[in-house]
Amino acid sequence: MNKSTYVRRTWTRFEMSKREAHVITATFRNRMRPAFFIRWILVLLITSPFLASEPDTMVLQGDLSALYANGDFVIWNPKRESGRPMAMAAGTNTEEKDKPTSLESTLDVVGKAPIGTDGRFILEVAVDHPRQVNFYVLNATHPNGEPISPIKGNSFILEPGQLRLTMSRGDRFTIVGGKYNEAVYNAWRESEPYLVAEVEHERLSRPVAGESEESRRMRVDRASAAYARTLELENEGRSHIARTHPDSVTRRLAIETAWLIGPWVLDALRNMAKLTPDDPWVIERLAREEKDALRRAEERKHLATGANIRDFTAMSLSGEAVNLATVRANSRYVLLEFWASWCGPCRIEIPHMKEAYERFREKGFEIVSFTIDNNREDWELASEEEDLPWINLGFGQDAKAAKAFNVTGVPKNFLVDSKSGKIDATDLRGHHLDEKLEELFE
């Protein structure tokens, strides 16, 4: 066999091997394709958290042992007005004839769990989308059997996952385990500067035995400064999140859960509008905030020192209609005080207001309080607990009086010169109220 014949036969065998290999491979591929794709889909289902293990429920484990050994932990949806959550009982009717039989009956309840004798509970709730919810502890009693009033103003973000709630005192709780709660709340509330300011405010708010009046006034001023610092840090924290966080849902929640509506909200919304110009929520909220900013600027002119006070008529707890102009006709100065049962600073101020009322009442000083509570039972219970000696009117955030004075937060007050009908001072707290009344009466 010559060399050319050998090469030709070898090449022929090689070509036949290629064709046979192709046929065998094609047959194997056709037989294995269904199994291959099934295995691939199973791998995707196992390894993809979005497809297979994305949680659609929140499991909340709570430890309230510092305050409770019974009762029910209730999560509820806040009422919304034009897309903005409001910390009130949803569906509450403020008409006396429709007075609800219980606070829980006024709530849009999301979930409820009993609190054990060890102060713990476990609550599982379905989550359709991350959103703000409020919570109460209802039906709790002291060891002597007396009912414990529910703590107001507590809210967090309902989100999928394993969350843990710990409460150390009436107005202090922490939730860990949820990415949105961590980003929107804990990022600033658990920061060192905020914790320092919070502890400082709590320390300075406690009376000191044997302190002089001058020392007390200095302590109160420092406590007010510490509280103002907490508000400043909250605004700074929320502003940073709403303007810079890479996740648009987190930005939105930082705005939606805010109760301090300042210029930062408008700035954050304008930033979001650049990133997501077609988002309907951003478009609607930005338009509303720009309109509200103009309205608030105009309102400040009408509610500033020297402006004429706005008259209104409201009902007392006993059902008597009281007109502010009539109160002015029978007094020299009137302090119009807006408050709420759930407002800690409001209720801390009441004992001092009582002292000022007792001291200057005979000289023509009168107090008219107006509650923005949206539930009459809350107003009644707080009024009974505080034993208010002055004119006590109400009620609700949507009431004409609250709207007329642009009350978006409490405490808020106006000192009125009854003769001229003009606002003499605003937001007088602690010894600043004393000093003003001393100046006017003495």
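Quantities reported herein were computed from a predicted structural model and do not represent experimental measurements.

**Student:** Outline the sheet that holds strand β13 (residues 333-339), supporting the account with residue identities and numerical values.
**Tutor:** The sheet built from 7 strands is open, its strands ordered β12-β11-β15-β14-β13-β16-β17 with mixed pairing. Two strands close off the open sheet at either side, each with one partner strand: β12 (321-323) and β17 (422-426). Adjacent strand axes in the sheet meet at a mean angle of 35° when their direction is disregarded. As paired strands, strand β16 (residues 412-417) and β17 are joined by 4 bridges and run antiparallel to one another.

**Student:** Describe the pairing of β13, listing the residues and the values that go with them.
**Tutor:** Counted residue by residue, β13 has 7 buried out of 7 residues, so it is predominantly covered. Two elements, β13 and strand β14 (residues 365-371), share 7 bridges in a ladder whose sense is parallel. Pairing of W339 across the sheet is with T371, part of β14. In the classification by handedness, the crossover that spans β13, the intervening helix α10 (residues 344-360) and the parallel β14 is right-handed.

**Student:** Which residues make up the nonpolar core, and what values do they have?
**Tutor:** By size, the foremost hydrophobic cluster in this structure holds 49 residues, and its most contacted members are F312, F338, F365 and F405. With sequence-adjacent residues up to four places away left out, F312 is seen in contact with V322, N323, L324, L336, F370, L393, A401 and F405. By size, the runner-up hydrophobic cluster in this structure holds 24 residues, among which are V127, F135, A140 and I148.

**Student:** Would you mind going over the state of the cysteines in detail, with residue names and values included?
**Tutor:** Within the structure shown, the criterion is met by 1 disulfide. Between the sulfur atoms of C343 and its disulfide partner C346 the distance amounts to 2.3 Å. Because the sign of the S-S torsion sets the handedness, a value of about 80° for the bond joining C343 and C346 places this disulfide among the right-handed ones. With respect to class, C343 is no different from C346; both count as buried.

**Student:** Report on the pattern of salt bridges, specifying residues and quantitative values.
**Tutor:** Under the counting rule described, the total for this entry stands at 30 salt bridges. Across the salt bridge formed by D63 and R120, the nearest N and O atoms sit 3.5 Å from each other. Within this pair, whereas D63 is found in strand β1 (residues 57-63), its partner R120 is found in strand β6 (residues 120-126), the two being separated by 57 residues in sequence. On the accessibility criterion, D63 (17% relative accessible area) is buried. In this structure, the salt-bridge partner of R270 is E290, at a minimum N-O distance of 3.6 Å. With R270 in helix α7 (residues 263-275) and E290 in helix α8 (residues 280-302), the pair connects residues that are 20 residues apart, well separated along the chain. By relative accessible area, R270 is classed as partly exposed at 38%. The exposure class of E290 is partly exposed, given its relative accessible area of 33%.

**Student:** Run through the packing of aromatic side chains, naming residues and quoting values.
**Tutor:** Tallying each qualifying case throughout the model produces 17 aromatic pairs. Summarising the aromatic geometry, the rings of F360 and F441 are spaced 5.7 Å apart at their centres and angled 25° between planes, so their arrangement reads as stacked. Of this pair, F360 sits in helix α10 while F441 sits in helix α13 (residues 431-441), and the two are 81 residues apart along the sequence. The pair F360 / F441 is uniform in exposure class, with both members buried.

**Student:** For the pairing of strand β11 (residues 313-316), give the residues involved together with the corresponding values.
**Tutor:** By the bridge criterion, 3 bridges tie β11 to β12 in an arrangement that is antiparallel. Note that in β12 the partner of A314 across the bridge is V322. Following β11, the chain reverses through 4 residues before pairing antiparallel with β12; G319 in that reversal takes a positive phi of roughly 95°. Here 2 bridges tie β11 to strand β15 (residues 391-394), and the two strands are oriented antiparallel to one another.

**Student:** Just give me the short version of unusual backbone geometry, but keep the residues and values in it.
**Tutor:** Cis geometry is found at the peptide bond from G394 to F395, where omega equals -5°. Mapped onto the elements, F395 comes out in the loop between β15 and α12 (400-404). Phi is positive for N406, which is not a glycine, with a value near 50°. Here N406 shows up in the loop between α12 and β16.

**Student:** Can you tell me about the environment of R216, naming the residues and giving the values?
**Tutor:** Relative to the assigned elements, R216 resides in helix α5 (residues 213-244). Residue contacts for R216: discarding those within four places in its chain leaves E211, H352, H431 and D434.

**Student:** So what about the sheet that holds strand β7 (residues 131-138)? Which residues, and what values?
**Tutor:** Pairing is antiparallel in the open sheet, where 4 strands are placed in the order β5-β2-β7-β8. Whereas interior strands pair on both sides, the edge strands pair on one side only; in this sheet they are β5 (108-114) and β8 (155-158). Along the sheet, successive strands turn relative to each other by an average axial angle of 35°, direction set aside. Note that β7 and β8 share 4 bridges and pair antiparallel. Of the residues in β8, the one forming a bridge with R131 is L158.

**Student:** Tell me about the side chain of D373, residues and numbers included.
**Tutor:** Mapping D373 onto the fold places it in the loop between β14 and α11 (376-386). Relative accessible area serves as the criterion here: at 1%, D373 is assigned to the buried category. A distance of 2.8 Å separates the side chain of D373 from the side chain of T371, its partner in a polar contact. In contact with D373, other than residues within four places in its own chain, are A340, S341, W342, D378, W379, F395 and G396.

**Student:** A description of the packing of helix α3 (residues 179-189) against α5 should follow, citing residues and the corresponding values.
**Tutor:** Relative orientation of the contacting elements α3 and α5 amounts to 140°, with a least axis distance of 9 Å. Here α3 is positioned oblique relative to α5, judged by the angle of their axes. As for the relative orientation of α3 and α5, their crossing is right-handed in sense. Of the residues in α5, those in contact with A183, V184, Y185, A187 and W188 of α3 are L233, E234, G237, R238 and I241.

What counts, and where the lines are drawn
Within every chain, residues take consecutive numbers counted from 1 along the sequence as written. With pLDDT at 70 or above as the cut-off, local features in this predicted model cover only qualifying residues; side-chain atom pairs require 80 or more to be listed or tallied, and sums for whole chains, interfaces and linings still use all residues. Hydrogens and water are ignored here; the side-chain numbers use all heavy atoms of the structure. Here, a strand pair is defined by DSSP locating no fewer than two bridges between the strands. Secondary structure elements follow DSSP: runs of H or I no shorter than four residues count as helices, runs of E no shorter than two count as strands, and numbering proceeds from the N terminus. Between N-to-C directions, angles span 0 to 180 degrees; the directions come from axes that are lines fitted to C-alpha atoms, helices contributing only their stretch in contact. Here the term buried applies to any residue with accessible area under 20% of the maximum for its type, exposed to any over 50%, and partly exposed to those in between, with areas from a 1.4 Å probe on protein chains only. Handedness of a crossover is defined as follows: orient the strands so they point away from the viewer, and if the path from the first strand over the helix to the second runs clockwise, the crossover is right-handed. Nonpolar cores are built from buried Ala, Val, Leu, Ile, Met, Phe, Trp, Tyr and Cys residues. Side-chain atoms within 4.5 Å join them into one set. In this analysis, two residues are considered to be in contact whenever any of their non-hydrogen atoms come within 4.5 Å of each other. Criterion for a disulfide: a pair of cysteine sulfur atoms within 2.5 Å. Basic side-chain nitrogens of Lys or Arg form a salt bridge, by our definition, when they fall within 4 Å of a carboxyl oxygen of Asp or Glu. In this scheme Phe, Tyr and Trp rings, the latter by its six-membered ring, pair at centre separations within 6.5 Å, and the angle between planes marks the pair as stacked below 30 degrees, edge-to-face above 60, and tilted otherwise. Polar contact is the term for a pair of N or O atoms within 3.5 Å; when the atoms are in protein, one must be able to donate a hydrogen and the other to accept it, and sequence-neighboring residues count only if both atoms are side-chain atoms. Between 65 and 115 degrees an angle is taken as roughly perpendicular, under 35 as roughly parallel, over 145 as roughly antiparallel, and anywhere else as oblique. The sense of a crossing depends on the near helix, which, turned anticlockwise from the far helix by less than a right angle, makes the crossing left-handed and, turned clockwise, makes it right-handed.

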